Amino acid sequence: MNHFEYRDQILHCEGVPVPLIAASVGTPFYLYSAATLTRHFQAMDQAFADIPHVTCFAAKSCSNIAILNLFGRLGGGADIVSGGELFRALTAGIDPKKIVYSGVGKTPEELRYALKSGILMFNVESLQELETLQAVAAALDLVAPVALRINPDVDPKTHAYISTGLAKNKFGLPLDQAAEVYAAAQAMPHIEVVGVSCHIGSQLTTVAPFVEALNKVIAFVRRLSANGITIKYLDMGGGLGINYDQEEPPLPAEYAAALKEALREVPGCTLIIEPGRVIVGNAGILVTKVLYTKSGAKHFIIVDAGMNDLARPSLYGAYHRIQPVEEKGQENVVADLVGPICETGDFLAKERMLPVCASDDLLAVMSAGAYGFSMSSNYNSRPRVAEVLVRGDEFQVIRKRETFAALIQGENIPEWEEFSG
Ligand SMILES: Cc1ncc(COP(=O)(O)O)c(C=O)c1O
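The notes below deal with the structure included here.

About the criteria used
- Residues numbered from 1 in each chain as written.
- Predicted model: local features only at pLDDT ≥ 70, side-chain atom pairs only at ≥ 80, totals over all residues.
- Heavy atoms only, no water.
- Pairing = 2+ DSSP bridges.
- Helix = DSSP H or I, 4+ residues; strand = E, 2+ residues; numbered from the N terminus.
- Near = heavy atom within 4 Å.
- Polar contact = N/O pair within 3.5 Å; in protein donor to acceptor, adjacent residues only side chain to side chain.
- Areas by Shrake-Rupley, 256 points an atom, 1.4 Å probe, with all protein chains shown as cover.
- Nonpolar A, V, L, I, M, F, W, Y, C, P; charged D, E, K, R; others polar.
- Core = buried A, V, L, I, M, F, W, Y, C linked by side-chain atoms within 4.5 Å.
- Buried < 20%, exposed > 50% of the residue type's maximum accessible area, 1.4 Å probe, protein only.
- Contact = heavy atoms within 4.5 Å.

**Quick notes on the sheet that holds strand 3 (residues 16-17)**
On the basis of which strands lie adjacent, the open sheet formed by three strands has the order 1-2-3 and antiparallel pairing. Lying at the two open borders of the sheet, with one neighbouring strand each, are strand 1 (4-7) and strand 3. Inspection of the sheet shows strand 1 paired to strand 2 (residues 10-13) by four bridges, in the antiparallel sense. Residue pairing across strands places Phe4 opposite Cys13, the latter belonging to strand 2.

Dropping the structure here:
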(Lines give C-alpha, C1' and ligand atoms only; values in the text may rest on other atoms or scores of the structure.)
Protein backbone atom coordinates (compact mmCIF):
# COMPACT_ATOMS: atom_id res chain seq x y z
CA MET A 1 0.00 0.00 0.00
CA ASN A 2 1.31 3.47 -0.87
CA HIS A 3 0.10 7.06 -0.89
CA PHE A 4 0.16 7.81 -4.65
CA GLU A 5 -3.48 8.07 -5.68
CA TYR A 6 -5.69 9.90 -8.16
CA ARG A 7 -8.06 12.53 -6.84
CA ASP A 8 -10.27 14.14 -9.47
CA GLN A 9 -8.13 12.48 -12.16
CA ILE A 10 -4.93 14.13 -10.86
CA LEU A 11 -2.17 12.02 -9.33
CA HIS A 12 -1.50 13.06 -5.75
CA CYS A 13 1.31 12.18 -3.38
CA GLU A 14 -0.49 12.13 -0.01
CA GLY A 15 -2.36 15.47 -0.01
CA VAL A 16 -0.30 17.21 -2.69
CA PRO A 17 -1.17 17.27 -6.42
CA VAL A 18 1.88 16.17 -8.42
CA PRO A 19 1.46 18.96 -11.05
CA LEU A 20 1.79 21.55 -8.27
CA ILE A 21 5.22 20.18 -7.34
CA ALA A 22 6.26 19.99 -11.01
CA ALA A 23 5.32 23.64 -11.47
CA SER A 24 7.42 24.57 -8.46
CA VAL A 25 10.58 22.45 -8.94
CA GLY A 26 10.55 21.68 -12.68
CA THR A 27 11.02 18.19 -14.13
CA PRO A 28 12.27 15.51 -13.86
CA PHE A 29 12.21 14.89 -10.10
CA TYR A 30 12.00 12.03 -7.64
CA LEU A 31 9.04 12.26 -5.30
CA TYR A 32 8.79 10.36 -2.02
CA SER A 33 5.88 9.99 0.42
CA ALA A 34 6.86 10.25 4.09
CA ALA A 35 3.71 8.37 5.15
CA THR A 36 4.59 5.47 2.83
CA LEU A 37 8.24 5.42 3.94
CA THR A 38 7.12 5.36 7.56
CA ARG A 39 4.49 2.69 7.01
CA HIS A 40 6.88 0.41 5.11
CA PHE A 41 9.70 0.85 7.64
CA GLN A 42 7.36 0.07 10.51
CA ALA A 43 5.79 -2.94 8.76
CA MET A 44 9.24 -4.49 8.44
CA ASP A 45 10.53 -3.45 11.86
CA GLN A 46 7.39 -4.37 13.80
CA ALA A 47 7.22 -7.78 12.14
CA PHE A 48 10.26 -8.64 14.28
CA ALA A 49 9.12 -6.72 17.39
CA ASP A 50 8.91 -9.88 19.52
CA ILE A 51 12.56 -10.85 19.07
CA PRO A 52 15.79 -8.91 19.68
CA HIS A 53 16.61 -7.28 16.35
CA VAL A 54 18.07 -4.22 14.61
CA THR A 55 16.60 -2.95 11.32
CA CYS A 56 19.54 -1.55 9.37
CA PHE A 57 18.12 0.19 6.29
CA ALA A 58 20.24 -0.54 3.19
CA ALA A 59 21.46 3.00 2.45
CA LYS A 60 22.45 2.12 -1.11
CA SER A 61 18.82 1.77 -2.12
CA CYS A 62 17.98 5.42 -1.33
CA SER A 63 20.66 7.44 0.35
CA ASN A 64 19.25 10.95 0.76
CA ILE A 65 20.03 12.16 4.28
CA ALA A 66 16.43 13.30 4.86
CA ILE A 67 15.23 9.75 4.30
CA LEU A 68 18.02 8.19 6.39
CA ASN A 69 17.14 10.67 9.13
CA LEU A 70 13.47 9.63 8.99
CA PHE A 71 14.39 5.97 9.50
CA GLY A 72 16.86 6.90 12.24
CA ARG A 73 14.05 8.70 14.09
CA LEU A 74 11.90 5.57 13.72
CA GLY A 75 14.62 3.61 15.54
CA GLY A 76 16.42 2.27 12.47
CA GLY A 77 20.09 1.84 11.75
CA ALA A 78 21.92 1.57 8.43
CA ASP A 79 23.62 -1.03 6.31
CA ILE A 80 26.43 0.79 4.48
CA VAL A 81 28.83 -0.26 1.73
CA SER A 82 31.25 2.67 1.48
CA GLY A 83 32.87 5.50 3.40
CA GLY A 84 30.50 7.85 1.58
CA GLU A 85 27.46 5.98 2.87
CA LEU A 86 28.93 6.05 6.39
CA PHE A 87 29.31 9.83 6.08
CA ARG A 88 25.69 10.11 4.94
CA ALA A 89 24.38 7.86 7.74
CA LEU A 90 26.29 9.75 10.44
CA THR A 91 25.28 13.14 8.99
CA ALA A 92 21.67 11.95 9.03
CA GLY A 93 22.01 11.27 12.76
CA ILE A 94 21.96 7.47 12.64
CA ASP A 95 23.40 5.91 15.78
CA PRO A 96 26.81 4.37 14.86
CA LYS A 97 25.95 1.49 17.17
CA LYS A 98 23.24 0.58 14.64
CA ILE A 99 25.48 0.67 11.56
CA VAL A 100 26.76 -2.47 9.84
CA TYR A 101 29.32 -2.27 7.05
CA SER A 102 29.06 -4.71 4.11
CA GLY A 103 30.93 -4.97 0.80
CA VAL A 104 33.77 -6.94 -0.81
CA GLY A 105 36.18 -4.06 -1.35
CA LYS A 106 36.49 -1.85 1.72
CA THR A 107 39.69 0.21 1.58
CA PRO A 108 42.00 0.64 4.62
CA GLU A 109 40.93 4.32 4.78
CA GLU A 110 37.26 3.32 4.86
CA LEU A 111 37.93 0.69 7.54
CA ARG A 112 39.75 3.31 9.64
CA TYR A 113 36.88 5.80 9.31
CA ALA A 114 34.31 3.19 10.33
CA LEU A 115 36.40 1.92 13.21
CA LYS A 116 36.92 5.42 14.59
CA SER A 117 33.18 6.04 14.23
CA GLY A 118 32.41 3.09 16.52
CA ILE A 119 30.06 1.14 14.22
CA LEU A 120 28.22 -1.98 15.37
CA MET A 121 29.85 -4.52 13.06
CA PHE A 122 32.06 -5.05 10.01
CA ASN A 123 30.71 -7.73 7.66
CA VAL A 124 34.06 -9.03 6.42
CA GLU A 125 34.12 -10.87 3.09
CA SER A 126 37.68 -12.29 2.77
CA LEU A 127 40.71 -13.35 4.82
CA GLN A 128 42.73 -10.48 3.30
CA GLU A 129 40.10 -7.95 4.34
CA LEU A 130 40.18 -9.42 7.86
CA GLU A 131 43.98 -9.09 8.00
CA THR A 132 43.74 -5.49 6.78
CA LEU A 133 41.13 -4.70 9.42
CA GLN A 134 43.31 -6.28 12.14
CA ALA A 135 46.25 -4.07 11.03
CA VAL A 136 44.11 -0.92 10.89
CA ALA A 137 42.63 -1.65 14.34
CA ALA A 138 46.08 -2.38 15.81
CA ALA A 139 47.42 0.96 14.52
CA LEU A 140 44.50 2.74 16.22
CA ASP A 141 44.72 0.52 19.29
CA LEU A 142 41.06 -0.38 18.89
CA VAL A 143 39.18 -3.66 18.62
CA ALA A 144 37.01 -4.23 15.52
CA PRO A 145 33.67 -6.06 15.98
CA VAL A 146 33.40 -8.53 13.11
CA ALA A 147 30.95 -10.85 11.39
CA LEU A 148 32.14 -12.92 8.47
CA ARG A 149 29.84 -12.88 5.46
CA ILE A 150 29.00 -16.43 4.46
CA ASN A 151 28.16 -17.34 0.88
CA PRO A 152 25.61 -20.14 1.42
CA ASP A 153 25.37 -21.08 -2.29
CA VAL A 154 21.61 -20.62 -2.45
CA ASP A 155 19.75 -19.60 -5.62
CA PRO A 156 17.59 -16.53 -4.84
CA LYS A 157 15.77 -16.93 -8.22
CA THR A 158 16.12 -13.29 -9.16
CA HIS A 159 17.95 -11.31 -11.87
CA ALA A 160 21.55 -12.55 -12.34
CA TYR A 161 22.99 -9.09 -11.60
CA ILE A 162 21.35 -8.95 -8.16
CA SER A 163 21.97 -12.57 -7.11
CA THR A 164 24.70 -12.50 -4.48
CA GLY A 165 24.52 -15.80 -2.59
CA LEU A 166 25.59 -18.27 -5.28
CA ALA A 167 29.05 -19.85 -5.14
CA LYS A 168 29.90 -18.18 -8.47
CA ASN A 169 29.10 -14.68 -7.09
CA LYS A 170 31.91 -12.49 -5.73
CA PHE A 171 30.32 -12.07 -2.30
CA GLY A 172 31.16 -13.66 1.02
CA LEU A 173 33.23 -16.67 2.02
CA PRO A 174 32.41 -20.22 0.91
CA LEU A 175 31.06 -22.25 3.84
CA ASP A 176 33.94 -24.74 3.59
CA GLN A 177 36.50 -21.96 4.17
CA ALA A 178 34.59 -19.91 6.70
CA ALA A 179 35.37 -22.02 9.80
CA GLU A 180 39.10 -21.61 9.19
CA VAL A 181 38.76 -17.83 8.76
CA TYR A 182 36.73 -17.65 12.00
CA ALA A 183 39.54 -19.50 13.78
CA ALA A 184 42.04 -16.99 12.34
CA ALA A 185 39.82 -14.08 13.44
CA GLN A 186 39.52 -15.49 16.94
CA ALA A 187 43.31 -15.44 17.25
CA MET A 188 43.67 -11.78 16.15
CA PRO A 189 44.05 -9.46 19.16
CA HIS A 190 42.34 -6.48 17.53
CA ILE A 191 39.37 -8.43 16.17
CA GLU A 192 36.33 -9.43 18.20
CA VAL A 193 34.13 -12.04 16.55
CA VAL A 194 30.53 -11.02 17.20
CA GLY A 195 28.44 -12.27 14.28
CA VAL A 196 27.72 -14.14 11.10
CA SER A 197 26.25 -12.38 8.07
CA CYS A 198 24.65 -13.38 4.80
CA HIS A 199 22.81 -11.59 1.96
CA ILE A 200 21.69 -13.75 -0.95
CA GLY A 201 20.24 -11.20 -3.37
CA SER A 202 17.61 -8.61 -4.06
CA GLN A 203 13.98 -8.60 -5.31
CA LEU A 204 13.25 -12.11 -3.95
CA THR A 205 9.60 -13.03 -4.38
CA THR A 206 9.45 -16.19 -2.25
CA VAL A 207 10.61 -16.95 1.30
CA ALA A 208 12.08 -20.38 0.50
CA PRO A 209 15.60 -19.16 -0.48
CA PHE A 210 15.80 -17.01 2.69
CA VAL A 211 14.89 -20.00 4.84
CA GLU A 212 17.32 -22.27 3.00
CA ALA A 213 20.14 -19.75 3.54
CA LEU A 214 19.17 -19.18 7.18
CA ASN A 215 19.18 -22.91 7.91
CA LYS A 216 22.69 -23.18 6.48
CA VAL A 217 23.81 -20.20 8.57
CA ILE A 218 22.25 -21.67 11.73
CA ALA A 219 23.98 -25.04 11.18
CA PHE A 220 27.22 -23.10 10.77
CA VAL A 221 26.63 -21.07 13.96
CA ARG A 222 26.23 -24.36 15.85
CA ARG A 223 29.52 -25.60 14.43
CA LEU A 224 31.20 -22.41 15.60
CA SER A 225 29.64 -22.76 19.03
CA ALA A 226 30.98 -26.34 19.28
CA ASN A 227 34.42 -24.82 18.57
CA GLY A 228 33.98 -22.30 21.40
CA ILE A 229 33.02 -19.31 19.22
CA THR A 230 29.87 -17.55 20.42
CA ILE A 231 27.80 -15.53 17.98
CA LYS A 232 25.81 -12.51 19.23
CA TYR A 233 24.48 -11.15 15.92
CA LEU A 234 22.97 -13.03 13.04
CA ASP A 235 22.68 -10.72 10.02
CA MET A 236 20.38 -12.04 7.29
CA GLY A 237 20.83 -9.06 4.90
CA GLY A 238 18.00 -7.65 2.83
CA GLY A 239 16.40 -8.79 -0.38
CA LEU A 240 12.63 -8.95 0.10
CA GLY A 241 11.01 -8.05 -3.23
CA ILE A 242 8.20 -5.68 -4.13
CA ASN A 243 5.38 -5.50 -6.64
CA TYR A 244 6.55 -3.68 -9.80
CA ASP A 245 4.20 -5.48 -12.19
CA GLN A 246 2.68 -8.93 -11.58
CA GLU A 247 4.96 -10.09 -8.73
CA GLU A 248 3.33 -11.27 -5.51
CA PRO A 249 6.15 -11.13 -2.96
CA PRO A 250 5.54 -12.30 0.61
CA LEU A 251 4.37 -9.67 3.08
CA PRO A 252 6.91 -8.54 5.71
CA ALA A 253 4.88 -10.47 8.32
CA GLU A 254 5.14 -13.70 6.27
CA TYR A 255 8.86 -13.19 5.71
CA ALA A 256 9.36 -12.51 9.45
CA ALA A 257 7.31 -15.55 10.50
CA ALA A 258 9.47 -17.83 8.33
CA LEU A 259 12.73 -16.41 9.68
CA LYS A 260 11.57 -16.43 13.31
CA GLU A 261 10.54 -20.06 13.05
CA ALA A 262 14.09 -21.04 12.02
CA LEU A 263 15.69 -18.65 14.53
CA ARG A 264 14.23 -20.59 17.49
CA GLU A 265 17.21 -22.90 16.95
CA VAL A 266 19.62 -20.17 18.07
CA PRO A 267 18.14 -18.47 21.13
CA GLY A 268 20.14 -15.54 22.42
CA CYS A 269 21.17 -14.23 18.99
CA THR A 270 20.11 -10.71 17.96
CA LEU A 271 18.81 -10.65 14.39
CA ILE A 272 20.00 -7.93 12.03
CA ILE A 273 18.02 -7.26 8.85
CA GLU A 274 19.13 -4.96 6.02
CA PRO A 275 15.99 -4.18 4.01
CA GLY A 276 16.17 -1.57 1.25
CA ARG A 277 13.84 -2.02 -1.71
CA VAL A 278 10.87 -3.29 0.33
CA ILE A 279 10.84 -0.05 2.33
CA VAL A 280 11.54 2.61 -0.29
CA GLY A 281 10.70 1.00 -3.67
CA ASN A 282 7.00 1.80 -3.72
CA ALA A 283 7.41 4.95 -1.62
CA GLY A 284 8.92 6.93 -4.49
CA ILE A 285 8.18 7.81 -8.12
CA LEU A 286 10.04 9.63 -10.89
CA VAL A 287 8.06 12.43 -12.51
CA THR A 288 9.02 13.29 -16.07
CA LYS A 289 7.67 15.56 -18.83
CA VAL A 290 6.95 14.66 -22.44
CA LEU A 291 9.19 16.61 -24.82
CA TYR A 292 8.23 15.18 -28.20
CA THR A 293 6.54 12.24 -29.86
CA LYS A 294 7.31 10.68 -33.23
CA SER A 295 6.17 7.71 -35.26
CA GLY A 296 7.93 5.63 -37.85
CA ALA A 297 8.50 1.89 -37.66
CA LYS A 298 7.57 2.46 -34.00
CA HIS A 299 5.90 5.11 -31.88
CA PHE A 300 8.28 6.96 -29.54
CA ILE A 301 7.45 9.16 -26.58
CA ILE A 302 10.54 11.22 -25.74
CA VAL A 303 10.66 12.48 -22.15
CA ASP A 304 13.09 14.61 -20.17
CA ALA A 305 14.26 11.75 -17.88
CA GLY A 306 16.79 9.25 -19.17
CA MET A 307 18.84 6.23 -18.20
CA ASN A 308 21.19 8.47 -16.23
CA ASP A 309 18.24 9.41 -13.98
CA LEU A 310 16.78 5.89 -13.68
CA ALA A 311 19.18 3.15 -14.74
CA ARG A 312 17.11 0.08 -13.85
CA PRO A 313 15.27 -0.43 -17.16
CA SER A 314 18.51 -0.18 -19.18
CA LEU A 315 20.62 -2.10 -16.68
CA TYR A 316 18.33 -4.98 -15.76
CA GLY A 317 15.50 -4.71 -18.30
CA ALA A 318 13.47 -3.77 -15.22
CA TYR A 319 9.75 -3.01 -15.45
CA HIS A 320 8.30 0.22 -14.06
CA ARG A 321 4.61 0.99 -14.44
CA ILE A 322 4.07 4.27 -16.35
CA GLN A 323 1.04 6.39 -15.42
CA PRO A 324 -0.27 9.72 -16.67
CA VAL A 325 -0.17 12.40 -13.98
CA GLU A 326 -3.50 13.67 -15.33
CA GLU A 327 -6.09 11.14 -16.40
CA LYS A 328 -7.84 12.75 -19.36
CA GLY A 329 -9.44 9.61 -20.74
CA GLN A 330 -6.48 9.25 -23.10
CA GLU A 331 -6.38 6.43 -25.65
CA ASN A 332 -3.50 4.02 -25.33
CA VAL A 333 -0.84 3.33 -27.90
CA VAL A 334 2.00 0.81 -28.10
CA ALA A 335 5.13 2.90 -27.71
CA ASP A 336 8.69 3.10 -26.43
CA LEU A 337 9.19 5.64 -23.67
CA VAL A 338 12.70 6.97 -24.20
CA GLY A 339 14.99 9.63 -22.77
CA PRO A 340 17.32 12.21 -24.32
CA ILE A 341 20.53 10.18 -23.85
CA CYS A 342 22.54 9.25 -26.93
CA GLU A 343 22.24 5.49 -26.45
CA THR A 344 19.71 3.09 -27.94
CA GLY A 345 19.66 1.47 -24.48
CA ASP A 346 18.16 4.67 -23.07
CA PHE A 347 14.56 3.71 -22.39
CA LEU A 348 12.14 3.70 -19.46
CA ALA A 349 9.59 1.36 -21.09
CA LYS A 350 9.66 -0.67 -24.29
CA GLU A 351 6.79 -1.70 -26.53
CA ARG A 352 4.26 -0.91 -23.86
CA MET A 353 0.64 0.21 -23.97
CA LEU A 354 1.09 3.83 -22.90
CA PRO A 355 -1.25 6.81 -22.83
CA VAL A 356 -1.25 8.89 -26.01
CA CYS A 357 0.78 11.93 -25.01
CA ALA A 358 1.33 15.49 -26.12
CA SER A 359 4.31 17.75 -25.38
CA ASP A 360 4.35 18.98 -21.76
CA ASP A 361 2.22 16.10 -20.44
CA LEU A 362 3.56 14.73 -17.17
CA LEU A 363 4.15 11.01 -16.66
CA ALA A 364 4.87 9.13 -13.43
CA VAL A 365 7.38 6.30 -13.47
CA MET A 366 6.08 4.24 -10.56
CA SER A 367 8.02 2.17 -7.97
CA ALA A 368 11.18 4.20 -8.51
CA GLY A 369 12.10 4.88 -4.86
CA ALA A 370 14.72 2.12 -4.61
CA TYR A 371 17.90 2.15 -6.69
CA GLY A 372 16.51 5.17 -8.53
CA PHE A 373 18.17 8.42 -7.55
CA SER A 374 20.96 6.53 -5.74
CA MET A 375 22.07 4.88 -9.01
CA SER A 376 21.72 8.05 -11.09
CA SER A 377 24.70 9.68 -12.80
CA ASN A 378 25.75 12.74 -14.75
CA TYR A 379 26.13 10.83 -18.05
CA ASN A 380 25.75 13.12 -21.07
CA SER A 381 26.57 15.94 -18.60
CA ARG A 382 23.04 15.99 -17.29
CA PRO A 383 22.64 17.57 -13.85
CA ARG A 384 21.13 15.10 -11.40
CA VAL A 385 17.45 15.72 -10.75
CA ALA A 386 15.75 17.16 -7.67
CA GLU A 387 14.37 14.98 -4.87
CA VAL A 388 11.17 16.03 -3.10
CA LEU A 389 9.57 14.69 0.07
CA VAL A 390 5.85 15.04 0.82
CA ARG A 391 4.35 14.90 4.28
CA GLY A 392 0.59 15.34 4.39
CA ASP A 393 -0.21 18.58 2.57
CA GLU A 394 3.37 19.86 2.54
CA PHE A 395 6.35 19.22 0.33
CA GLN A 396 10.03 20.01 0.63
CA VAL A 397 12.95 19.78 -1.75
CA ILE A 398 15.36 17.38 -0.02
CA ARG A 399 17.94 17.64 -2.79
CA LYS A 400 18.16 20.55 -5.19
CA ARG A 401 18.46 19.95 -8.90
CA GLU A 402 22.15 20.11 -9.75
CA THR A 403 23.45 23.15 -11.63
CA PHE A 404 25.76 23.23 -14.64
CA ALA A 405 28.42 24.67 -12.30
CA ALA A 406 28.12 21.55 -10.12
CA LEU A 407 28.84 19.42 -13.19
CA ILE A 408 32.40 20.74 -13.48
CA GLN A 409 33.07 21.16 -9.78
CA GLY A 410 36.59 19.95 -9.06
CA GLU A 411 37.62 19.90 -12.71
CA ASN A 412 40.67 21.85 -13.77
CA ILE A 413 42.35 22.89 -17.06
CA PRO A 414 46.13 22.34 -16.54
CA GLU A 415 48.24 25.46 -16.86
CA TRP A 416 50.84 23.74 -18.98
CA GLU A 417 52.84 25.48 -21.67
CA GLU A 418 51.17 24.94 -24.97
CA PHE A 419 52.43 21.79 -26.67
CA SER A 420 54.30 22.97 -29.75
CA GLY A 421 54.79 19.62 -31.45
C1 LIG B 1 24.73 -6.51 1.76
C2 LIG B 1 23.40 -6.01 1.33
N3 LIG B 1 22.45 -5.83 2.25
C4 LIG B 1 21.22 -5.37 1.92
C5 LIG B 1 20.90 -5.06 0.61
C6 LIG B 1 19.54 -4.54 0.32
O7 LIG B 1 18.82 -5.34 -0.52
P8 LIG B 1 17.29 -5.00 -0.83
O9 LIG B 1 17.24 -3.60 -1.32
O10 LIG B 1 16.90 -5.98 -1.87
O11 LIG B 1 16.54 -5.19 0.44
C12 LIG B 1 21.86 -5.24 -0.39
C13 LIG B 1 21.52 -4.97 -1.80
O14 LIG B 1 21.98 -5.53 -2.72
C15 LIG B 1 23.15 -5.73 -0.03
O16 LIG B 1 24.12 -5.89 -0.94
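**Some thoughts on the site of the ligand**
Around the ligand there are 15 residues in total, and Ser202, Gly239, Glu274, Arg277 and Tyr371 lie nearest to it. Within the contact set of the ligand, an oxygen atom lies 2.8 Å away from a backbone nitrogen or oxygen of Gly239. Note that a nitrogen atom of the ligand is positioned 2.5 Å from one of the side-chain N or O atoms of Glu274. Contact with the protein chains hides 92% of the accessible area of the ligand, taken as 400 Å² for the molecule alone. In the shell around the ligand, the residues fall into three nonpolar, seven polar and five charged.

**Some details on the nonpolar core**
Counting 100 residues, the largest nonpolar core has Phe122, Tyr182 and Leu234 as its most contacted members. No other element matches the eight residues that helix 8 (residues 208-226) contributes to this core. Setting aside residues no more than four positions away along its own chain, Leu234 makes contact with Val196, Leu214, Val217, Ile218, Val221, Leu263, Val266, Cys269, Thr270, Leu271 and Ile272. If you look at the next biggest cluster of nonpolar residues, it comprises 19 residues, including Val18, Ala22, Leu31 and Val388.

None of this, on its own, says anything about what the molecule does.
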